[in-house]
Amino acid sequence: MAKWVVREGNVFWPSEEMKKVANISNSDVYEEADKNPVSFWEEKARELKWFKEWEKPYEENLPYFKWFIGGKINMSYNCLDVHLKDKGDKPAIIWEPEPPHGEARIITYNELYKEVNKFSNVLKKLGVKKGDRVGIYLPMIPEVQMAMLACARIGAIHTVVFSAFSPDSLRHRLNDSGAKILITSDGYYRRGKEITLKDKADEGIKDTGIEKVIVVRRTGSNVNMADGRDFYLDELMKDAEEYCEPEKMESNDTLFLLYTSGTTGKPKGVIHDTGGYAVQAYLTTKWIFDLKDDDIFWCTADIGWVTGHTYSCYGPLLCGGTMLVYEGSPDYPDPGVWWKLIEKHKVTIFYTSPTAIRMFERTGESWMKKYDLSSLRLLGSVGEPIGEEAWMWYFENVGGGRCPIVDTWWQTETGGILISSLPGIGPIIPTFAGKSFPGVRMAVVDESGNELGDEKPGYLVQKSPFAPGMLRGVYGNPEKYKKTYWEKYKTMYDTSDGAYIKNGLIKIEGRTDDVMKVAGHRLSTAELEDTITLHENVVECAVVPRPDEIKGEAPVAFVILRGKEREGLKEDIIKLVERKISPIAKPAEIYFVDDLPKTRSGKIMRRILRNLISGKELGDITTLVNPESVEKIKEKLKL
Ligand code: WT7
């Protein structure tokens, strides 16, 4: 069996075989790209099909910048039309339902093209125009990729809302984006249960501008269909025209909005453009995942997250690849289901989260030993730091000690991967994400923006020219865009992550702001606090992350009550969070306290709470107005 990686102590290098076949194996690429990142990206952009080439490759007027100015391109055209001649009969999507609800579907490029064209015409007929926002609230069924591509084809801006989000979360996103159309489904299957998504959608569109709802039939169950407002997709598709001319988009036109949590307030709509994002999605898939014609690529991320957008949809399709899409969860009907699918479809490239890996580590190797995983040649990790133990476990048990692991760092805001090792070049060192991708300039700086030397921990930033896949703003809120990403360093993009560099490789240490990463999902402490204080018995509350063996972090709430503690109150608060945000945001623990540590200006010192529950040094508490609160909380925690 081919070995794709060789080990030298704690360092992993591509094998000779890997170097021979890899899409990129010449390490000069880093230096070459860094000499002139703009011409590097220009050259790569030419691998896509442009209706008209750009007049100017890059322009910066901070905090804004543009790529490929004047260039005309269409995302759906580059994902579909360009492949028809050579790859029409090649599977684009292999879809697997959660068992036992249905059969696998194999959708070729020809078929996907046909469906997307019709879907585009359906949207047009319902009045959707270039620049309009379209909400997509769908589970992992192929119609979700079709819906995104159909929007992209006609220049409509999609905003996908994770299907496990609550109606309230959906409402906020629809109102903020001003969407008039929502695409959803009757329901879906999750861990053996039928989830009636349409009911949640009906609730979520109340008090929004949604005028029409397109319903994909997945379960076939009877759902409420409002006359004149709700339409089944299959019925609309019956009379749809077979061809839809792709809209010629200016490269900097918006492709999609994706809402993500920040330090304060409600989730914000991150704006991604068309051309720059496409180039970044394309090249990172080609070089980091080394995606080739005969590969079967599986990114396990849900489409509701940016990882799903870039690597369960656009990246693989831009490369003309084949991807697996799975409806279900990793542990149902048993923890063997993913490995069974890898064996069945001979998956070659597998991309998942450290949380999933730690979960499987806990359930034990026996589940994967039942299946033949020898088709795998490359593994990836994303979303949170992967510790050495989980890395080695993944390497040995999933990769059979043969496959390189690419630890990919990026954010909703960056659109595509910015830091990773390249599997044909190396080196790969467990727990280090790797180097900046060619043409990208990440750096570690101190508070004042001075670059730090080797092994000095600081703040991770990006230097000009900013990568083509980067966000171009926050929808309807330019102030927030400026404040969040550009206020601190002005001429550098602030990632809000801590990091250090050793031997040229970047080690990510985690968020430095009030954003948590729970099972790789991004949650804001502020949003949880705002939700918990909605409860009539809650006066004030502080939420902080606590280290968690499986999920990386878990939210813990410190709550000051109005009146006395009563039975069932904790459960009520947890239910409130579940209903208002999503089950993924549920606090792992709630402590009722009399007081919270505060500064003179009344700001809650979350750092102290965070250190308290993770057993770390408390640090300076002299700025507190109420240092005695710390002792009292310690008692509560029985420390
Ligand atoms: C935050 C962004 C981008 C895909 C999914 C997450 C953390 C991301 C890594 C990694 C350590 C990572 C950072 C980042 N993160 N990848 N390989 N190693 N940490 O997107 O929800 O926008 O979260 O995820 O803290 O800022 P996101």
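Parameters at a glance
- Residues numbered from 1 in each chain as written.
- Predicted model: local features only at pLDDT ≥ 70, side-chain atom pairs only at ≥ 80, totals over all residues.
- Heavy atoms only, no water.
- Helix = DSSP H or I, 4+ residues; strand = E, 2+ residues; numbered from the N terminus.
- Buried < 20%, exposed > 50% of the residue type's maximum accessible area, 1.4 Å probe, protein only.
- Contact = heavy atoms within 4.5 Å.
- Areas by Shrake-Rupley, 256 points an atom, 1.4 Å probe, with all protein chains shown as cover.
- Lys, Arg positive; Asp, Glu negative; His and termini not counted.
- Charge placed at Lys NZ, Arg CZ, Asp CG, Glu CD.
- Near = heavy atom within 4 Å.
- Polar contact = N/O pair within 3.5 Å; in protein donor to acceptor, adjacent residues only side chain to side chain.
- Nonpolar A, V, L, I, M, F, W, Y, C, P; charged D, E, K, R; others polar.
- Pairing = 2+ DSSP bridges.
- Axes fitted to C-alpha atoms, helices over the stretch in contact; angles between N-to-C directions.
- Domains from an automatic or database assignment.
- Salt bridge = Lys/Arg side-chain N within 4 Å of Asp/Glu carboxyl O.
- Core = buried A, V, L, I, M, F, W, Y, C linked by side-chain atoms within 4.5 Å.

Visitor: Got a minute to help me understand the overall build of the chain in this structure?
Guide: Along its length, the chain carries 21 helices and 34 strands. Judged by the C-alpha coordinates and their principal axes, the chain covers about 75 × 65 × 55 Å. Taken across its 639 residues, the chain has 61% of its residues classed as buried. Of all intrachain contacts in the chain linking residues separated by at least 6 positions in sequence, the fraction that spans at least 24 positions is 70%. Looking at the chain as shown, the accessible area adds up to about 24,800 Å², and 47% of this sits on carbon and sulfur atoms. Side-chain charges of the chain comprise 88 positive and 96 negative groups, with the mean position of each set lying 1 Å from the other.

Visitor: Would you mind going over the site of the ligand with me for this structure?
Guide: Neighbouring the ligand are 17 residues; Thr-408, Thr-412, Asp-497, Lys-517 and Arg-522 lie closest to it. At 3.4 Å, a backbone N or O of Glu-384 approaches a nitrogen atom of the ligand. Interatomic distance of 2.8 Å between a side-chain N/O atom of Asp-407 and a nitrogen atom of the ligand. Burial of the ligand by the surrounding chains reaches 97%, relative to a free accessible area of 560 Å². Elements with a contribution of two residues or more to the shell around the ligand: helix 12 (306–318), strand 22 (405–408) and strand 29 (505–511). The residue inventory of the shell around the ligand, partitioned by class, reads 6 nonpolar, 5 polar and 6 charged.

Visitor: I tried to follow the sheet that holds strand 28 (residues 493–502) on my own but got confused; where do I start?
Guide: In any sheet, the strands associate via hydrogen bonds between backbone groups, in a parallel or an antiparallel arrangement. The 4 strands are arranged 25-26-28-29 in an open sheet whose pairing can be described as antiparallel. Either end of the sheet is taken by a strand with one partner, and the two such strands are strand 25 (442–445) and strand 29. On average, each strand axis in the sheet is inclined to that of its neighbour by 45 degrees, with strand direction left out of account. Pairing of strand 28 with strand 29 involves 6 bridges; the strand directions are antiparallel. Bridge assignment links Lys-502 to a residue of strand 29, and that residue is Leu-505.

Visitor: What's the story with the pairing of strand 16 (residues 254–260) in this structure? I'm lost.
Guide: Regular strands show a simple pattern: their side chains alternate between the two faces of the sheet. Extensive coverage of strand 16 is indicated by the burial of 6 of its 7 residues. Across 2 bridges, strand 9 (residues 157–160) lies against strand 16 in parallel orientation. By the bridge assignment, Thr-159 is partnered in strand 16 with Leu-257. Pairing analysis gives 6 bridges linking strand 16 to strand 17 (residues 268–273), with the strands arranged antiparallel. Within the sheet, the bridge partner assigned to Thr-254 lies in strand 17 and is Asp-273.

Visitor: Would you mind going over the domain arrangement of the chain with me for this structure?
Guide: By a widely used convention, the size of an interface equals the accessible area lost when the partners come together. Taken as a whole, the chain is organised into domain 1 (5–487 + 495–499) and domain 2 (519–637). Taking only C-alpha atoms, the centre of domain 1 and the centre of domain 2 are 32 Å apart. Across the contact, 24 residues belong to domain 1 and 19 residues belong to domain 2. For Glu-549, the salt bridge is made with Arg-362, and the minimal N-O distance between the two is 2.9 Å. Inspection of the domain 1/domain 2 interface yields 15 residue pairs in polar contact (both at pLDDT 80 or more). Listing elements by their share of the side of domain 1 that touches domain 2, those giving two or more residues are helix 8 (167–177) and helix 14 (354–363). For the side of domain 1 that touches domain 2, the leading source of residues is helix 14, giving 4 residues. Of the residues in the side of domain 1 that touches domain 2, the class split is 6 nonpolar, 12 polar and 6 charged.

Visitor: Where do I start with the side chain of Thr-159 in this structure?
Guide: Along the polypeptide, Thr-159 turns up in strand 9. Note on Thr-159: relative accessible area 1%, which makes it buried. A polar side-chain atom of Thr-159 sits 3.4 Å from the main-chain carbonyl oxygen of Leu-257. Once residues within four sequence positions are removed from consideration, Thr-159 is found in contact with Val-134, Gly-135, Ile-136, Ser-177, Leu-257 and Tyr-259.

Visitor: Help me out: how do you make sense of the pattern of salt bridges in this one?
Guide: Think of it this way: side chains of opposite charge can pair up when their charged atoms draw near. A complete count under the given rule lists 45 salt bridges for this structure. Among the salt bridges present, the one from Asp-253 reaches Lys-130, with a minimum N-O distance of 3.8 Å. Within this pair, whereas Asp-253 is found in the loop between strand 15 (249–250) and strand 16, its partner Lys-130 is found in the loop between helix 6 (109–125) and strand 8 (133–137), the two being separated by 123 residues in sequence. Its relative accessible area of 43% is what places Lys-130 among the partly exposed residues. A salt bridge links Glu-203 to Lys-206, with the nearest nitrogen and oxygen atoms 3.1 Å apart.

Visitor: Just checking my understanding: could you explain the nonpolar core for this structure?
Guide: Across soluble globular proteins, nonpolar side chains have a tendency to be buried as a group. The biggest cluster of nonpolar side chains holds 113 residues, and the ones touching the most others in it are Leu-112, Phe-119, Ile-136, Ile-183 and Tyr-314. Looking at which element gives the most residues to this core, the answer is helix 7 (residues 142–154), with 9 residues. In terms of nonpolar packing, the next biggest core, distinct from the first, is built from 33 residues, Phe-12, Trp-339, Ala-356 and Phe-395 among them.

Visitor: Sorry if this is basic, but what is going on with the pairing of strand 8 here?
Guide: The buried count for strand 8 comes to 5 of 5 residues, which makes it a mostly enclosed element. With burial as the criterion, each face of strand 8 is covered, one bearing Arg-133, Gly-135 and Tyr-137 and the other bearing Val-134 and Ile-136. Direction of pairing for strand 8 relative to strand 9: parallel, over a ladder of 4 bridges. Across the sheet, Ile-136 pairs through a bridge with Val-160, a residue of strand 9.

Visitor: Before we go on, may I ask you to explain unusual backbone geometry in this structure?
Guide: Working note: non-glycine residues mostly have negative phi, and peptide bonds are mostly trans. In the segment running from Pro-99 into Pro-100, the intervening peptide bond is cis, with an omega of 0 degrees. Of the consecutive residues Tyr-332 and Pro-333, the connecting peptide bond is found in the cis state with omega at -5 degrees. Along the chain, Pro-333 turns up in the loop between strand 19 (322–326) and helix 13 (337–345). In this structure, Asp-207 is a non-glycine residue whose phi angle is positive, near 60 degrees. If you trace the backbone, Asp-207 turns up in the loop between helix 9 (197–204) and strand 13 (212–216). You can call Asp-207 exposed: its relative accessible area is 69%.

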